[in-house]
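Coordinate analysis (summary)
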Amino acid sequence: MKPAPFAYHRATSAEHAAALLDGLGPEARVLAGGQSLVPSMNLRLMTPPHVIDIGGVGTLAFIRREGARLVIGAMTRQSTVEESPLVSEAVPLLAEAVRHVAHPPIRHRGTVVGSIAHASAVAELPAVALALDADIVVQGVAGCRTVAASEFFIGPFATSRGADELVVEVRFPVAGPGHGWAWRELSPRNGNFPFAGAGVALAFADGVIERAAVALCGISDRPVRATAAEQALVGERWTPDLLTDAAALVVEGIAPRPDNDVAAHIVPVRANSVASWSYRTKVARTQARLAMAAAVDRAFRTEGDPR
Ligand SMILES: Cc1cc2nc3c(=O)[nH]c(=O)nc-3n(C[C@H](O)[C@H](O)[C@H](O)COP(=O)(O)OP(=O)(O)OC[C@H]3O[C@@H](n4cnc5c(N)ncnc54)[C@H](O)[C@@H]3O)c2cc1C
């Protein structure tokens, strides 16, 4: 299929893109890597009258370390992040999760920020941003503001970005000493969106879990934190029983969804990942358990055994 007619605008800077968004109205859409927008337009699931291409804005394509933050610009491709030694060292959870996004040709075009702005409930990278308490920087005509990931994802494909704002960068905290991480997911096929996935980031201090983040995709209308499991982990020493207890709490407090409701939020490959909510929660529990165990192993490897 072909998209409905639209006007194409080529932005020359972030400021120009923000001005275009402001002037063209709330139906205008930003084109980054196009790996979600273009299929959605071709299927007529989205019919924006205006498309603002930021692909030529070279100043938005960067990965840089700023103190305790790793900052990724809006036009940084997923494949660039995947191959970056800086990302592997500073934000290893992101480096691991991005390899699960689609296939190499899609990652070659798709951007990390585009995935976060798109805010699919089943996507890996929004869940990673949530797990790591990343900050999302948006730019409007009046300037920039920073939104915590916990405030950014507000529903299916919905964020707290204003319609007249461009996401310009995402700021990830750099992993500190005693840090363990892991992304685990189950997909119908390699390269498909997962039924459910889990990103875990743990920080140990003197053998005690000081910080625990467990974020899930695929079981709600947005990425969610498994707060009950996190609370069970914080302040504890690692034991096999602790893993069992935390895994049992992974979906505690997460509101049930109607069957296939989550899959209905998958664009453009919705038919491939249809599954009941009950199945998704089982997958989430299993994947979170695997991710917690792997995160602990890695923390022990980097720090010596803190048990
Ligand atoms: C076959 C296939 C399989 C896929 N499998 C997966 C998968 O397993 N996991 C996964 O996570 N993703 C998957 N994707 C989606 C892919 O990762 C996309 O690249 C990603 O969702 C969007 O990034 P993009 O740069 O292509 O954004 P685009 O498609 O250009 O934009 C997506 C949306 O975000 C908005 N947007 C983009 N950038 C900005 C910005 N800077 N500011 C404001 N709004 C912005 C756009 O207006 C649009 O609404 C798949 C895609 C395909 C085609």
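Residues numbered from 1 in each chain as written. Predicted model: local features only at pLDDT ≥ 70, side-chain atom pairs only at ≥ 80, totals over all residues. Heavy atoms only, no water.

1. Thoughts on the overall build of the protein chain
Stated precisely, the cut-off is as follows: Where helices and strands are cited, they refer to DSSP runs of H or I of at least four residues and of E of at least two residues respectively, numbered from the N terminus. Each radius of gyration is computed over the set of C-alpha atoms, and the globule rule expresses the reference value as 2.2 Å times the number of residues to the power 0.38. Think of it in three bands: residues with accessible area under 20% of the maximum for their type are buried, residues over 50% are exposed, and the middle band is partly exposed, with areas taken using a 1.4 Å probe on protein chains only. Here a residue-residue contact requires only that any non-hydrogen atoms of the pair lie within 4.5 Å. Note on areas: Shrake-Rupley with a 1.4 Å probe; residue coverage comes only from the protein chains shown.
Along its length, the protein chain carries 12 helices and 14 strands. A globule of 307 residues ought to have a C-alpha radius of gyration of about 19 Å, and the protein chain, at 19 Å, matches this closely. If one aligns the C-alpha atoms of the protein chain with their principal axes, the spans along those axes are about 60 × 45 × 30 Å. Residue burial in the protein chain is summarised as follows: out of 307 residues, 55% are buried. For the protein chain, the share of sequence-separated contacts (at least 6 apart) that also reach a separation of at least 24 residues comes to 64%. When the accessible surface of the protein chain is totalled, it reaches about 12700 Å², and 53% of it is carbon and sulfur.

2. Let's talk about helix α8 (residues 124–131)
Counting buried residues along α8, eight of its eight residues qualify, which places the element largely inside the surrounding structure. Buried within α8 we find Glu124, Leu125, Pro126, Ala127, Val128, Ala129, Leu130 and Ala131. Downstream of α8 by a residue or two, Asp133 has a phi angle that is positive, lying close to 55 degrees.

3. A closer look at the pattern of salt bridges
Quick note on the threshold: Definition used for salt bridges: Asp or Glu carboxyl oxygen within 4 Å of a side-chain nitrogen of Lys or Arg.
Taken as a whole and judged by the stated rule, the model has 13 salt bridges. Between Glu96 and Arg184 there is a salt bridge whose closest N-O contact spans 3.3 Å. On the criterion of sequence distance, the pair formed by Glu96 in helix α5 (residues 92–98) and Arg184 in strand β11 (residues 179–186) is long-range, its members being 88 residues apart. Looking at Arg184, the relative accessible area reads 26%, which means it is partly exposed. Two residues, Arg222 and Asp221, come together in a salt bridge whose shortest N-O distance is 2.9 Å. Taking relative accessible area as the criterion, Arg222 reaches 28% and is therefore assigned partly exposed. On the basis of relative accessibility, which here comes to 8%, the residue Asp221 falls in the buried class. Here the salt bridges share partners, and the residues they tie into one network are Arg64, Glu66, Glu169 and Arg171.

4. Regarding the pairing of strand β6 (residues 135–140)
Convention followed: By the convention used here, strands pair only if DSSP detects at least 2 bridges between them.
Burial within β6 is extensive, with six of its six residues counted as buried. In β6, alternate side chains face the same way, and those of Asp135, Val137 and Gln139 on one face and Ile136, Val138 and Gly140 on the other are all buried. Pairing geometry for β6 and strand β7 (residues 143–148), over six bridges, is antiparallel. Directly across from Val138, in β7, lies its bridge partner Arg145.

5. Some details on the packing of aromatic side chains
Here a ring pair, both rings aromatic, is described through the centre-centre distance and the interplanar angle of the planes. Where we set the bar: Ring pairs are drawn from Phe, Tyr and Trp, using the six-membered ring of Trp, whenever the two centres fall within 6.5 Å, and their geometry is named by plane angle: stacked under 30 degrees, edge-to-face over 60, tilted for the rest. We count a charge as sitting over a ring when the NZ of a lysine or the CZ of an arginine lies within 6 Å of the ring centre and within 35 degrees of the ring normal.
Following the criterion strictly, the structure yields three aromatic pairs and no others. Over the ring of Phe62 we find Arg64; its NZ or CZ atom is 4.0 Å from the centre of that ring.

6. Remarks on the sheet that holds strand β3 (residues 50–53)
By way of backbone hydrogen bonds, the strands of a sheet pair with one another, either parallel or antiparallel. In plain terms, the rule: Fitted lines through C-alpha atoms serve as axes, helices being fitted only where they are in contact, and the angles separating the N-to-C directions of these axes extend from 0 to 180 degrees.
On the basis of which strands lie adjacent, the open sheet formed by three strands has the order β1-β3-β2 and parallel pairing. In the strand order of this sheet, the two ends are held by β1 (7–10) and β2 (29–31), each with one partner. When strand polarity is set aside, the average angle formed by the axes of neighbouring strands in this sheet is 30 degrees. Pairing between β1 and β3: four bridges, direction parallel. In the sheet register, Tyr8 faces β3, and the bridge partner there is Val51. Across the sheet, helix α1 (residues 14–24) lies against β1, β2 and β3, angled at about 175 degrees from β3, the strand it touches most.

7. Here's the deal with the nonpolar core
Cut-off, in case you're wondering: Each nonpolar core is a collection of buried residues, namely Ala, Val, Leu, Ile, Met, Phe, Trp, Tyr and Cys, held together in the definition by side-chain atoms within 4.5 Å.
Residues Ile54, Leu60, Leu94, Ile116 and Phe172 are the most contacted members of the largest nonpolar core, which totals 57 residues. It is α8 that contributes the most residues to this core, six residues altogether. Ignoring sequence-local partners within four residues, the contact set of Leu60 consists of Ala14, Ile54, Gly73, Ala74, Met75, Thr76, Leu166 and Val168. Counting 36 residues, the second-largest nonpolar core is a separate cluster that includes Phe204, Ala247, Ala275 and Ala295.

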